[in-house]
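The primary structure of each chain is shown beneath.
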Amino acid sequence: RCAQVIASQSNDGGGDSDTRLFRVPAMDHPKGSKRPVYKYQGNYPRYVGPSRGPENYRPEKGQNLSEPIGFIPQVEHTYAYYDGTFGLLNEH
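My aim in this report is to walk through the structure given alongside it, one point at a time. (Residues numbered from 1 in each chain as written. Predicted model: local features only at pLDDT ≥ 70, side-chain atom pairs only at ≥ 80, totals over all residues. Heavy atoms only, no water.)

### Here's the deal with the packing of aromatic side chains
At step 1: All chains considered together, the criterion is met by three aromatic pairs.
At step 2: Centroid distance Phe-22 to Tyr-57: 4.5 Å. Interplanar angle 65°. Geometry classified as edge-to-face. Here Phe-22, found in strand β1 (residues 22-24), pairs with Tyr-57, found in the loop between β3 (34-37) and β4 (70-73); they are 35 residues apart in sequence, far enough to count as distant.
At step 3: With centroids separated by 5.4 Å and ring planes inclined at 75°, the aromatic side chains of Tyr-47 and Tyr-57 adopt a geometry described as edge-to-face. (Phe/Tyr/Trp six-rings, centres within 6.5 Å; stacked < 30°, edge-to-face > 60°. Helix = DSSP H or I, 4+ residues; strand = E, 2+ residues; numbered from the N terminus.)

### Here we look at a nonpolar patch on the surface
At step 1: Residues Leu-21, Tyr-82, Phe-86, Leu-88 and Leu-89 make up a contiguous nonpolar surface patch of about 500 Å² in total accessible area.
At step 2: With respect to the helices, strands and loops of the structure, Phe-86 is situated in the loop between β6 (81-83) and β7 (87-90). (Patch = residues over 30% accessible without salt bridge, like charges linked within 9 Å, V, L, I, M, F, W, Y side chains within 5 Å. Areas by Shrake-Rupley, 256 points an atom, 1.4 Å probe, with all protein chains shown as cover. Salt bridge = Lys/Arg side-chain N within 4 Å of Asp/Glu carboxyl O.)

Here is the structure:
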């Protein structure tokens, strides 16, 4: 049995769209840890920092790390997923 999914989105608004696509790795987190939550930013860069994998979203010259607006409880294990302007597909 084969499942197929097609998703689309238009990014034809004003500003510089952030078209980066990264694979966020599966991660293990200590029990009781908190996950940072960031304000939505559609333009480039939409996020800068290490919480979505050490090789992803590194700061470039002149960029500051994104500041969280709050924190929520984190589960002990997260699956890998592909991240674009929004989460696209997880490893399952």
